[in-house]
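# Report on the structure
Chain by chain, the residues run as shown.
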Amino acid sequence: MTESSADGVAGAAAAVASATGAAGSWRKATGIAGAAIGVLAAGAAAGVAIERMTVGRGIRRKARLALDSAGPYGALRGTPGRAHADDGTELYYEVDEVETEPGTAPRRRRLFGRKAPAPVTVVLSHGYCLSQDSWHFQRAALRGVVRTVHWDQRSHGRSERGVAQVEDGVPVTIDQLGRDLKAVIDAAAPEGPIVLVGHSMGGMTVMALAAQYPELIRERVVAVALVGTSSGRLGEVNFGLPVAGVNAVRRVLPGVLKALGQQAELVERGRRATADLFAGIIKRYSFASREVDPAVARFAERMIEGTPIDVVAEFYPAFTDHEKTEALALFRDLPVLVLAGVKDLVTPSEHSEAIADLLPDAELVLVPAAGHLVMLEHPEVVTDRLADLLTRAGAVPAGATVGGYGSTSGTAQPG
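From N to C terminus, the protein includes 16 helices and nine strands. Looking at the 415 residues of the protein, the share that counts as buried comes to 53%. Residue pairs in contact within the protein that sit at least 24 positions apart in sequence constitute 82% of those at least 6 positions apart. Carbon and sulfur atoms provide 54% of the accessible area of the protein, an area that totals close to 18000 Å².

Another point: the environment of Ser131. Structurally, Ser131 can be placed in the loop between strand S3 (121-125) and helix H4 (136-142). The spatial distance from the C-alpha of Ser131 to the C-alpha of His150 is 9.1 Å, given a sequence separation of 19 residues. Apart from residues lying up to four places away in sequence, Ser131 is in contact with His126, Asp152, Gly157 and Met303.

What follows is about the nonpolar core. Within the largest apolar cluster, 46 residues are counted, with the highest numbers of intra-cluster contacts made by Val195, Val197, Phe287, Leu339, Leu376 and Leu390. Among the elements that make up this core, the one with the highest residue count is helix H12 (residues 294-305) (seven residues). Among the nonpolar cores identified, the runner-up in size contains 37 residues, and Val206, Ile217, Ala356 and Leu364 belong to it.

Relative to the helices and strands, His136 resides in helix H4. Take His136: its relative accessible area is 5%, and that puts it in the buried class. Engagement of the side chain of His136 in a polar contact is seen with the backbone nitrogen of Gly74, the distance being 3.0 Å.

Let's shift gears to the pattern of salt bridges. Evaluation of the coordinates by the stated rule reveals 22 salt bridges. A salt bridge links Glu94 to Arg139; the shortest N-O distance between them is 2.9 Å. Taken together, the positions of Glu94 in strand S2 (residues 90-96) and Arg139 in helix H4 put the pair 45 residues apart, joining distant regions of the chain. Look at the salt bridges and you will find they share partners, linking Arg77, Glu94, Asp96, Asp133, Arg139 and Arg143 into a network.

This part takes up H12. Across its 12 residues, H12 extends 16 Å between first and last C-alpha, which sits within 8% of the 16 Å expected from 1.5 Å per residue. A large share of H12 lies buried, amounting to nine of its 12 residues. One side-chain oxygen of the residue at the start of H12 lies 2.9 Å from the amide nitrogen of Ala295, identifying that residue as Asp293.

Here is what the cut-offs are and how they apply
Residues numbered from 1 in each chain as written. Predicted model: local features only at pLDDT ≥ 70, side-chain atom pairs only at ≥ 80, totals over all residues. Heavy atoms only, no water. Helix = DSSP H or I, 4+ residues; strand = E, 2+ residues; numbered from the N terminus. Buried < 20%, exposed > 50% of the residue type's maximum accessible area, 1.4 Å probe, protein only. Contact = heavy atoms within 4.5 Å. Areas by Shrake-Rupley, 256 points an atom, 1.4 Å probe, with all protein chains shown as cover. Core = buried A, V, L, I, M, F, W, Y, C linked by side-chain atoms within 4.5 Å. Polar contact = N/O pair within 3.5 Å; in protein donor to acceptor, adjacent residues only side chain to side chain. Salt bridge = Lys/Arg side-chain N within 4 Å of Asp/Glu carboxyl O. Expected span 1.5 Å × (residues − 1).

Below, the structure is given as C-alpha cells:
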C-alpha cells in the first residue's frame, strides 16, 4: 500500500470512528459492518491499490478534471419549473417541448378519438443517489420529438431537502415519492396523456403513484416503462456478496448509516479522502461491461458522490419496506416496457422478470452485459426500446425519427 493509499484509508476510518463514537452504541456494529462492507469493496480496492502504486495522486486528479471537461454529460437543460409536495418540499423539474418547423403547426395525431389532443408528455423519474441528468442519452435522443418532463426526487439534484425529513424527522417512504410525482405531474403536465418512465427508485415511485392514484393511471397514462427496478422483496438482494457478508450488512447497515448521517461533515471529508476507492465501488455496482466510456463512468460517479451521506441514510430504509406488487395490475391493459441489465447487482434482473410475469403483455428486455445504470451503459438499447414503446402508445408518430444517441458493446435480447 502506498502512502497516499494509507492516507485515504486512514481518513475514511477516522470519519467512521468519529461518527460511531458520537453514537456510542454503534461502535461494535460498525466493526461488523466494516467487515461486511470490506468484502463488498475488496475487488474494487485491489484494483485501486494497484493503480495507486503506479499513478500519482496529482495525475489522477488531472485525469478526473479532464474527464469532466471532455464529457458534457448532464449538460442538457430545459424550461425550469417548481412543484410543491404535500409537506411543502420544493421539487425541481424541467420541460423539453416538441420542436416545430418555423411557420408550421405541430403534427396532429389522433389519440382517444380527439382531432387535436393535448400533447403526450413523457415523465422520467430517476433512481436513488442520482438526478434527472441520469437520463442524459434518452433526453438527447427524444429532444424535440416528444414533450418530456425531467425532475429531481426530493433531496436529490436541484430539488429541496425533504421538509418532513429535515424539520420533523419523518422517515422517507416510497409512498411519499409517489405523492411527489403526482405534484410534479399536476404542475408540469396538468392535462393530456402521460407516459411514465422510471429507473430503479424511480420505477418504485411510479408504482407508488399508481397505488395511490389509480384514477390517474386509468384516465391519463398511456404507457409505462420500468427500468432496472423492483416491486418488492428488496431485503433479499445479496449485492453479489457471500451469505455471511450480506447478512451482516442487512443487520447493521441501517443503524450505521443513521450514525454516519449524524456526522455528515466528517464523513464527507472521509469520502473525499478515499475518492479512488469509492469510484471503484461505484463502477462495480453501476456497470458490467469493460468498454464503458471513462467519461460516462466519471459522470455517474459525480452524481452518486453528490448525494450527501445523510440523504443516503434517510432513503435507505424505505427500500426494505417497499412492496407494490399489487399496484402492477393497474398497468395490465397498457403498453409496458420492462428492461433490466442481466448483471445488475442492485436490483437483479430477476425482479424485472417477476414484474413481467405479472404483466404478460409487457415487453421484457434483458441486456446481457449491463449493470444497474443500463441507460448510461447501453443508451442506444434503452432509447430504441423506449422509442418503440412511445410509438405503440401513440405518443410519437410512426414516422418520427428518434436519434440513437450513444453506443454500446453489447446487444439486448427479448426476455
